[in-house]
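Understanding the architecture of this molecule
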2 protein chains.
Amino acid sequence: MSAAATTRRDIPDASVARLPGYLRALTALARNDIASVSSEELATAAGVSSTMLRKDLSHLGSYGVRGVGYDVERLASEITTALGLTQDWPVAIVGMGNLGRALAAYRGFAERGFRVIALLDGDPRVVGDRVAGDVVRPMRDLPDLVVDHGLAIGVIATPSAGAQEACDDLVEAGVRSVLNFAPAVLSVPDGVVVRTVDLSTELQILAFHGQRVAAPEVVA
Amino acid sequence: MSAAATTRRDIPDASVARLPGYLRALTALARNDIASVSSEELATAAGVSSTMLRKDLSHLGSYGVRGVGYDVERLASEITTALGLTQDWPVAIVGMGNLGRALAAYRGFAERGFRVIALLDGDPRVVGDRVAGDVVRPMRDLPDLVVDHGLAIGVIATPSAGAQEACDDLVEAGVRSVLNFAPAVLSVPDGVVVRTVDLSTELQILAFHGQRVAAPEVVA
DNA sequence: GTGACTTTGTGCAGGGGTTCACAAGAACGT
DNA sequence: ACGTTCTTGTGAACCCCTGCACAAAGTCAC
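In this report, we go over the structure that sits alongside the text. Values in this document were obtained by computation on a predicted structure and should not be read as measured data.

Remarks on the interface of chain B and chain A
- Facing 61 residues of chain B, the contacting portion of chain A comprises 61 residues.
- Run the count over chain B and chain A and you get four salt bridges.
- B:Arg24 is paired through a salt bridge with A:Asp198; the nearest N and O atoms lie 3.2 Å apart.
- Ranked by the residues each element gives to the side of chain B that touches chain A, the list is headed by helix H9 (residues 199–214) of chain B, at 15 residues.

Have a look at this one:
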């Protein structure tokens, strides 16, 4: 049982990044009791081209029926499996500033199998506070969370100055997936995956495109 | 003065997306009174390869000195200009739920020239509330904000059900750059740029990579 | 002034991802 | 049973991006 029960491994990164979008669109269809969907319709709902959708799905296997389309439930199930969402993923949020508190109060996690099992902060003055009904815990609780509760994903919502330290604590405790909201470059050992989401970066990219339209210019 | 005073237009998207990172690293260097930096050092600080950094910068022009490196202040200034950050960018946040309130309280915007000039919500029961010292305004105020205050960027922090409507209101008022935090695909006319940041999507991508290491497998 | 050294800027090759075009396969009407 | 129609799955072309290798250009020591 080494390579049999596993999902396919050769899915391109760009494709993986789009699968959640497809899953979301499929879930919406299922809520409206729609049983079957064509690649064209699903692609429109997910905001991509139908060719790209089909190529992405082909990496998972052939789950469509030619001339008909895709079974909504079936395809949702396949994508769920491919993404590894059949199991629950325990999540811890580090850093109880404005953003951390907002994330702690956000209800959207549980919908998709992500369970926030702990809120932490490195500042002793914050530890013990109640946030969204939970008590804020100290960083030294991390190893136990990994061992006892299978903590797998850490969300960093600290100021950028403390992000690397928080990341190091997570990694040392055994967490191998990190979602970083601090505007900082985190260095981690091989095998640890970090995704950084930075508000300022996004706004600056928008500013670049904004000035392009603000100063229109013809080619010749 | 049509094509002269404008910055270069042929910067690849992938390159533009990295410029904010370079700018952040340069700002940190300037804070430490470092006047000059090599591509190798700056690349490390920004988490990219030195070759890629130099290629990215070459799209802006030749602002380095061979054998020496880059002048920190000068390069920061050039990137600032290229991104269009010499001017202030008025921002409005739509949707005063948990995330919207956290964004409103976030202090990181002003640091980089983004000024939050209004908080809005479509729900009359929320309009008039005080959030982070500002009064929440109704959506119908949008056109005036664009005309009177040059509102250019809209941040959508509504539930996904209301995201498209909020987006339509923004676009109709004249906003052409949108940062969307709702898990939804927004359709907009040509000339409007939307960037979507979705927590669930990010977590699901991490889950995919997490299961890869959870079920290790050798090639042969 | 000259040679050794350092670092930038870039032509070129390689790879990954997207799009195109079309073959393969399934349902349906007659 | 057969042709028409529809839709998926995929080989191939194309394009953008990244990494390599190296020439160009500057500094420094003497």
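Focus: the protein's contact with DNA strand D
- Around DNA strand D, a shell composed of 24 residues is seen, among which A:Ser39, A:Arg54, A:Tyr70, B:Arg18 and B:Arg66 lie nearest.
- Within 4 Å of the protein, atoms of DNA strand D come from sugar and phosphate in 66% of cases.
- At 3.2 Å, a backbone N or O of A:Gly67 approaches a sugar or linking oxygen of DNA strand D.
- Every element with two or more residues in the surface near DNA strand D is listed here: helix H3 (50–58), strand S2 (64–65) and strand S3 (69–71) of chain A together with helix H1 (13–31) and helix H3 (50–58) of chain B.
- Across the surface near DNA strand D, the residue classes break down as eight nonpolar, nine polar and seven charged.

Digging into the relation of the copies chain B and chain A
- When chain B is fitted to chain A, the residual RMSD is 0.1 Å, and the transformation amounts to a turn of 180° plus an axial shift of 0.0 Å. Both copies of the chain, as the preceding transformation shows, are related through a two-fold rotation axis. Ranked by how close their C-alpha atoms come to the rotation axis, the residues of chain B are headed by B:Ala102, at 3.0 Å.
- When the interface residues of chain B are mapped onto chain A, 100% of them are again interface residues, pointing to one common binding face.

Focus: the pattern of salt bridges
- According to the stated counting rule, one finds 16 salt bridges over all chains in the structure shown.
- The partner of A:Arg101 in a salt bridge is A:Asp129, and the shortest N-O contact between them spans 4.0 Å. Taken together, the residues span a long stretch of sequence, with A:Arg101 in helix H5 (residues 98–105) and A:Asp129 in the loop between strand S5 (114–120) and strand S6 (130–131) at a distance of 28 residues.
- Judged by relative accessible area, A:Arg101 falls into the partly exposed class, the value being 34%.
- The class of A:Asp129 is partly exposed, set by a relative accessible area of 31%.
- Between B:Asp141 and B:Arg137 there is a salt bridge, with its nearest N and O atoms 2.9 Å apart.
- Under the relative-accessibility criterion, B:Asp141 is labelled buried at 18%.

Some details on the sheet that holds strand S2 (residues 64–65) of chain B
- The strand order across the open sheet built from three strands is S1-S3-S2 (chain B), with neighbouring strands paired in antiparallel fashion. Bordering the open sheet on either side are strand S1 (36–37) and S2 of chain B, each of which pairs with just one other strand.

Considering the layout of surface pockets
- One number sums up the size of the largest pocket: a volume of about 1600 Å³.
- If you trace the largest pocket, you find 42 residues lining it, with A:Arg195, A:Thr196, A:Glu202, B:Arg195 and B:Glu202 closest to the centre.
- When contributions to the lining of the largest pocket are tallied by element, the ones reaching two or more residues are helix H1 (13–31), strand S10 (193–196) and helix H9 (199–214) of chain A together with H1, strand S10 (193–196) and H9 of chain B.
- Its residues assigned to classes, the lining of the largest pocket comprises 22 nonpolar, nine polar and 11 charged.

Rules used throughout
Residues numbered from 1 in each chain as written. Chains lettered and ligands numbered in written order. Predicted model: local features only at pLDDT ≥ 70, side-chain atom pairs only at ≥ 80, totals over all residues. Heavy atoms only, no water. Contact = heavy atoms within 4.5 Å. Salt bridge = Lys/Arg side-chain N within 4 Å of Asp/Glu carboxyl O. Helix = DSSP H or I, 4+ residues; strand = E, 2+ residues; numbered from the N terminus. Near = heavy atom within 4 Å. Polar contact = N/O pair within 3.5 Å; in protein donor to acceptor, adjacent residues only side chain to side chain. Nonpolar A, V, L, I, M, F, W, Y, C, P; charged D, E, K, R; others polar. Least-squares fit on C-alpha atoms with pLDDT ≥ 70 in both. Buried < 20%, exposed > 50% of the residue type's maximum accessible area, 1.4 Å probe, protein only. Pairing = 2+ DSSP bridges. 1 Å grid on protein atoms, 1.4 Å probe; cavity = no way out; pocket = protein on both sides within 12 Å on 5 of 7 lines; lining within 4 Å. Points joined across faces, edges and corners; volume = space filled by probe spheres on them.

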